[in-house]
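Below, each chain spelled out in residue letters.
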Amino acid sequence: MPAPSPASPLPSMPSGAYGNGLRRFFRRWWREQSPARQDRYATLGPLVSVMLFLAAIVAAFWYLRNEEIERERESVKRDTEVVQQQIRMRLIENQEQLVRIARDVVTRDTDANKFLEQASGFVQTRPEIVSLSWTQADHSIKASQLSPNFEIDTLRGLDMAITPDAPASTPNNRALPSGLPEFTQTFEAAKEQRQPVYSRPHVNALDTPVVQVHVPLIDRRGFAGTLVAEYSVEALLRYLVPSEVSGRHVMSLTDYNGRLLASTIVGRESANTQITHEVIITPVGNGLILRGEGSRTSFGLIGNTLFWMVVALSALTVWMLLGTWRHMRRRMDIQRTLMDETQFRRAMENSMLTGLRVIDSEGRVTYVNPAFCAMTGFSEAELIGRMPPYPYWPQDRLEESNRLFQQEIQGRSPAGGVEVKIMRKDGSKFDARMYVSPLIDAQGHQTGWMSSVTNITEAKRVRDQLSAAHERFTTVLEGLDAAVSVVSVQQGDLLFANRSYRLWFGADAKGHGVLAGDASQQAPSSIDKDDLVDSFGGLPTQQLTEAGSDTREIHVDSLQKWFDVRTRYVQWTDGRLAQMLIATDISARHKAEEIAAQQAEKAAVTSRLVTMGEMASSVAHELNQPLAAISNYCSGIVSRVKSRSIEDEDLIAALEKTARQAQRAGQIIHRIRSFVKRSEPQRQPARAREIVEDAVELAAIALKRRRVIIHTYVAPRLPTLMCDPILVEQVLLNLLKNAAEAIDNAGLPISRRKVEVRVVQRQLEDEGDVVEFTVTDGGPGIPDGVLERLYEAFFSTKSDGMGIGLSLCRSIIESHRGRMRAENIYNDSEVTGCRFTFTLPVELDPDYVPTTRSDPPLDLITDSP
């Protein structure tokens, strides 16, 4: 269907330059629309015009109705403000007159009768006033004048407490009754403010709404009372609202809560109106509100004949246009579907990153998409219609490009595509992969060839870099002295093995299983190879790959080698979970460690022998005493036996003493032999008390000779230690011997020739539960320079020392996972001694059962002989 004339749907334009400009704008806009949209606008134009016409009619009626309501609202507002002004002027006039009366009462010494004369004239000319009263400062009424316009029954409802029997115009002195909050509040406000004050609207006992004004009486002595004028709210409306205003609108007075007090319509609380205007009555201003009310007089749209005629004509026009609209809708749906399909295909072609090129059977380019133009740098106009050689063929590859073109025309292009070189318009070249497929039309005839071209320059560069990186990485792994292997967790296949692994274990996964599994023996051949990898094969891949590496030392019996093995889980290139293992040959390191351990053991034995050598004279002196005693006992026994002057009891006693001296010498020799004999270091359950007793027993020999006193304290119920008792005893003996030598060499007096050994249990933040050994002496201390190098090997302050004692002591303690430290003891700035402390951690052998014996604290004092 041809598109409608461009001028047909356009509205009529105004004449002149402005109209010509609008006409040109709409014509240009119309030509830019698609045919389907032009058909839609041409169909909906009349319908929209009818709807706009109907909307204009409705808007006109609505505007007239709102205009009339606005005029009524202005009228209500104007009349309300007129009534407000009338009431306001009357109240101000009355207030001024009351102020003059109050001034006369105060200044002219007016009595009750004179006040009543003035009040009578005042209330007779003002019908809205119910009463005028003279109230004294004590709230008592001195005189009161009632308005003749109100009957006595109405007066009973006033707040002035007038009884029916009291004369209406006679002075009286009556106290106000209780329960009059409005009167009292207003009275107190006038007293405080010293100016006229109006009360809030309230209802008296006879349900009559009233308002009071209190004018204060101020004489030379101060506040003397008030003049109280009481207004009837209903009378204010009856006498002060003009008749023409009450004829047009309803006027009413309400309180601040909206409660109706009086209205120009009798017996009506609220008119059924839609227009109201409220203003505050001044100078009352204390909750008395004037409300003006008006009603609508406009007619509704329902009764307007012209309106309904327009509606009927519009409905008829809409019905006539519906048929045409349904036909046009079906046509536009078909056209929209075709356009959407075309636009979708074109959007796909334009959005593709792959270049598309179509040639006919003769090789002429008939189509290129934007991606192909972007790749080559040539525009669509520069490529459409071109024949070979194409402008994007490289000049140095014309023969190769022509050969590939002939394959394409003959339909012999490989299905996997071919790699080609393409030249851009600026002369640069890039690698591309081209796929060729026949172009078939709707009738099934081949009309040409379609080629898809993909830029593979970056992919080829990355592939080359990956190949080079893989080659470098493989070269590095092959050159490592450590064995590297990767095994699949699920299948147990050996995925990778470097040269060292193949040299030691071959191209088999069993070596990986041996290194990753039990370190003590080769894996039996009956075990499935999946079990050699790991028992965590069922766990999620992410948790395993994020876990840290596991390090262990494995000895392979078949190779007689020690390996430092590190394993961790990785995700292989194909996504499988694999275990990577790196095994480093540490046999040489193990051998060096064994040699170092043997040397340390020899050093410890040598240190003990050196210690015994240094103590040889003391030991000889100690052994000489029991041996001399044995010799004396034996000589005496022989002499007395020869002379037959000894009884059996004396002989037995002498022999027992001789045996004890022999046992004493034997114990000394046994202790020295146990201390110096060479044995393998071994940790076993040991008691701190026994270690201290043995060390003190050996050290006491040297301490006695040097006249040094030793004090020992071992806390009760100490935990059992897992240690080598001989090595710990050696550390204690070395510290005690050094302390004694330092004291003796310094030539200190007897008061400072003391050494204290304390053993207690402590809880330390960085070490946990430990048993702390402390050796404290009263010697000269350690110089600062020496303190820094105290544990340095082969460093000694003694002329004949080897410098291995404290270094060996520290090594022994640290091998037990303890710590050793030394410090000087100060008295102000003077050094008064030295303290060595070492700790041993509290740990139990799992096979050791501790005894329940509780030893008392060991507190020994060994004095010099």
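All figures in this text were calculated on a predicted structure; none of them were measured in a lab. (Residues numbered from 1 in each chain as written. Predicted model: local features only at pLDDT ≥ 70, side-chain atom pairs only at ≥ 80, totals over all residues. Heavy atoms only, no water.)

For the overall build of the chain, give the residues involved together with the corresponding values.
Within the chain, the regular secondary structure consists of 22 helices and 29 strands. Counting only residues that meet the buried cut, the chain has 39% of its 865 residues in that class. Across the chain, every contact between residues at least 6 apart in sequence was considered, and the portion connecting residues at least 24 apart equals 60%. (Helix = DSSP H or I, 4+ residues; strand = E, 2+ residues; numbered from the N terminus. Buried < 20%, exposed > 50% of the residue type's maximum accessible area, 1.4 Å probe, protein only. Contact = heavy atoms within 4.5 Å.)

Lay out helix 5 (residues 181–193) with the relevant residues and their values.
With 13 residues, helix 5 ought to run about 18 Å at 1.5 Å a step, and its terminal C-alpha atoms sit 18 Å apart, in line with that. Along helix 5, the positions that sit buried rather than exposed are E182, F183, T186, F187, A189 and A190. Burial along helix 5 is one-sided: seen end-on, the buried residues are contained in an arc of 165°. Each element contacted by the buried residues of helix 5 is listed here: strand 1 (129–136), strand 4 (197–198), strand 5 (202–203), strand 6 (209–219) and strand 7 (222–232). (Expected span 1.5 Å × (residues − 1). Arc of directions from axis to C-beta.)

Would you mind going over the nonpolar core in detail, with residue names and values included?
Judged by nonpolar contacts, the single largest core of 45 residues is most densely connected at L732, F773, F836 and F838. With 10 residues, helix 20 (residues 725–746) is the largest single contributor of residues to this core. Leave out the neighbours within four places in its chain, and L732 touches I691, V692, A695, V757, F773, V775 and F838. Membership of the second largest hydrophobic core comes to 40 residues, among which are I101, A119, I129 and L217. (Core = buried A, V, L, I, M, F, W, Y, C linked by side-chain atoms within 4.5 Å.)

So what's going on with the pattern of salt bridges? Which residues, and what values?
Under the definition given, this model contains 35 salt bridges. The partner of R336 in a salt bridge is D333, and the shortest N-O contact between them spans 2.7 Å. Of this pair, R336 and D333 both sit in helix 8 (residues 305–351), 3 residues apart, which is roughly one turn of that helix. Judged by its relative accessible area of 34%, R336 is partly exposed. Taking the shortest distance from any N to any O, the salt bridge between E823 and R835 comes out at 3.2 Å. You can see E823 sitting in strand 27 (residues 819–827) and its partner R835 sitting in strand 28 (residues 830–841), a full 12 residues away along the chain. (Salt bridge = Lys/Arg side-chain N within 4 Å of Asp/Glu carboxyl O.)

Tell me about the sheet that holds strand 16 (residues 446–455), residues and numbers included.
Sheet strands pair by backbone hydrogen bonding; their relative direction is either parallel or antiparallel. Here 5 strands make up an open sheet; going across it, the order is 13-12-16-15-14 and the pairing antiparallel. Of all the strands in the sheet, just strand 13 (365–368) and strand 14 (418–423) have a single pairing partner and so form its edges. Strand after strand, the sheet turns through a mean of 35° between neighbouring axes, direction not considered. Where strand 12 (residues 355–360) lies against strand 16, 6 bridges are found, and the strand directions are antiparallel. Its bridge partner lying in strand 16, L356 is registered against S452. Most of the contacts of helix 11 (residues 398–409) go to strand 12, to which it runs at about 70°, and overall it touches strand 12, strand 14, strand 15 (429–440) and strand 16. Relative to strand 15, helix 12 (residues 457–479) is tilted by about 125°, and along the sheet it contacts strand 14, strand 15 and strand 16. (Pairing = 2+ DSSP bridges. Axes fitted to C-alpha atoms, helices over the stretch in contact; angles between N-to-C directions.)

Tell me about the sheet that holds strand 18 (residues 494–497), and name the residues and values.
Reading across from one edge, 18-17-21-20-19 is the order of the 5 strands in this open sheet, with antiparallel pairing throughout. The strands lining the two open edges of the sheet, one partner per strand, are strand 18 and strand 19 (550–556). Across the sheet, the mean angle from the axis of one strand to that of its neighbour is 25°, orientation sign disregarded.

Could you give an account of the packing of helix 19 (residues 688–705) against helix 20, with specific residues and numbers?
Put simply, helix 19 and helix 20 touch, their axes get as near as 9 Å, and they point 30° apart. In this structure, helix 19 meets helix 20 at a crossing whose hand is right-handed. Residues I691, V692, D694, A695, V696, L698, A699 and L703 of helix 19 pack against P725, V728, E729, L732, L733, L736 and A740 of helix 20. The residue makeup of the contact of helix 19 with helix 20, split by class, is 13 nonpolar, no polar and 2 charged. (Left-handed = near helix turned anticlockwise from the far one by under 90°. Nonpolar A, V, L, I, M, F, W, Y, C, P; charged D, E, K, R; others polar.)

Give me the lowdown on the environment of Q118, citing residues and values where you can.
Along the polypeptide, Q118 turns up in helix 3 (residues 112–124). Its relative accessible area of 29% is what places Q118 among the partly exposed residues. Separated by 27 residues in the primary sequence, Q118 and Q145 place their C-alpha atoms 9.3 Å from one another.

Can you explain empty space enclosed by the protein? Please cite residues and give values.
What the rule picks out here adds up to 5 cavities of 30 Å³ or more. Its volume calculated, the largest cavity comes out at about 220 Å³. Taken together, 16 residues make up the lining of the largest cavity; nearest its centre are W393, S401, L404, V420 and M434. Of all the secondary structure elements, the ones that give two or more residues to the lining of the largest cavity are helix 11 and strand 14. Of all the elements, helix 11 adds the most residues to the lining of the largest cavity, at 5 residues. (1 Å grid on protein atoms, 1.4 Å probe; cavity = no way out; pocket = protein on both sides within 12 Å on 5 of 7 lines; lining within 4 Å. Points joined across faces, edges and corners; volume = space filled by probe spheres on them.)

Could you give me a rundown of the side chain of S500, with the residues and numbers involved?
Its location among the elements puts S500 in helix 13 (residues 499–505). In this structure, S500 is in contact with L480, D481, A482 and A483, ignoring residues within four places of it in sequence.

A description of the pairing of strand 26 (residues 768–777) should follow, citing residues and the corresponding values.
Remark: a regular strand shows side chains that alternate across the two faces of the sheet. Counting buried positions along strand 26 gives 9 out of 10 residues, so the element sits mostly inside the fold. Pairing of strand 25 (residues 754–764) with strand 26 involves 10 bridges; the strand directions are antiparallel. Residue V755 lies in a different strand from strand 26, and its bridge partner there is D777. Turn length for the strand 25-strand 26 hairpin, with the two strands adjacent in sequence and antiparallel, is 3 residues. Note that strand 26 and strand 28 share 8 bridges and pair antiparallel. Paired with E772 across the strands is T839, a residue of strand 28.

Hey, could you go over the confidence of the model for the chain for me, with residue numbers and the actual values?
The predicted coordinates should not be examined in detail at positions where pLDDT is low. Averaged over all residues, the pLDDT of the chain is 77; the fraction at 70 or higher stands at 75%. Every residue in residues 1–15 scores below 50 in pLDDT, and together they form 22 contacts with partners more than four places removed in sequence or on other chains. Low pLDDT, under 50, characterises residues 152–179; the predicted model gives this stretch 63 contacts beyond four residues in sequence or across chains. (pLDDT = per-residue confidence, 0-100.)

If you had to explain the pairing of strand 19 to someone new, which residues and values would you point to?
For strand 19 and strand 20 (residues 561–571), the ladder comprises 7 bridges, and the chain directions are antiparallel. Its bridge partner lying in strand 20, V556 is registered against K561.

Residue-level account of the side chain of T774, with values.
Examined against the element boundaries, T774 turns out to sit in strand 26. Not counting the four nearest positions on each side in its chain, T774 is found in contact with E756, V757, R758, R835, F836 and T837.

Give a detailed account of unusual backbone geometry, specifying residues and quantitative values.
Along the chain, T282 connects to P283 via a cis peptide bond; the corresponding omega equals 10°. Mapped onto the elements, P283 comes out in the loop between strand 10 (275–280) and strand 11 (289–294). Residue P389 is reached from P388 by a cis peptide bond, and omega for that bond is 0°. Inspection of the secondary structure puts P389 in the loop between helix 10 (380–383) and helix 11.

How would you explain a nonpolar patch on the surface if you had to name every residue and give the values?
On the surface, L316, W319, M320 and L322 cluster together to form a nonpolar patch covering roughly 460 Å² of accessible area. Here W319 is to be found in helix 8. (Patch = residues over 30% accessible without salt bridge, like charges linked within 9 Å, V, L, I, M, F, W, Y side chains within 5 Å. Areas by Shrake-Rupley, 256 points an atom, 1.4 Å probe, with all protein chains shown as cover.)

I'd like a description of the environment of L290, backed by residues and values.
Considering the arrangement of structural elements, one finds L290 in strand 11. Given a relative accessible area of 0%, L290 falls into the buried group. Put simply, L290 and I280 are 10 residues apart on the chain and 6.0 Å apart in space, counted from C-alpha to C-alpha.

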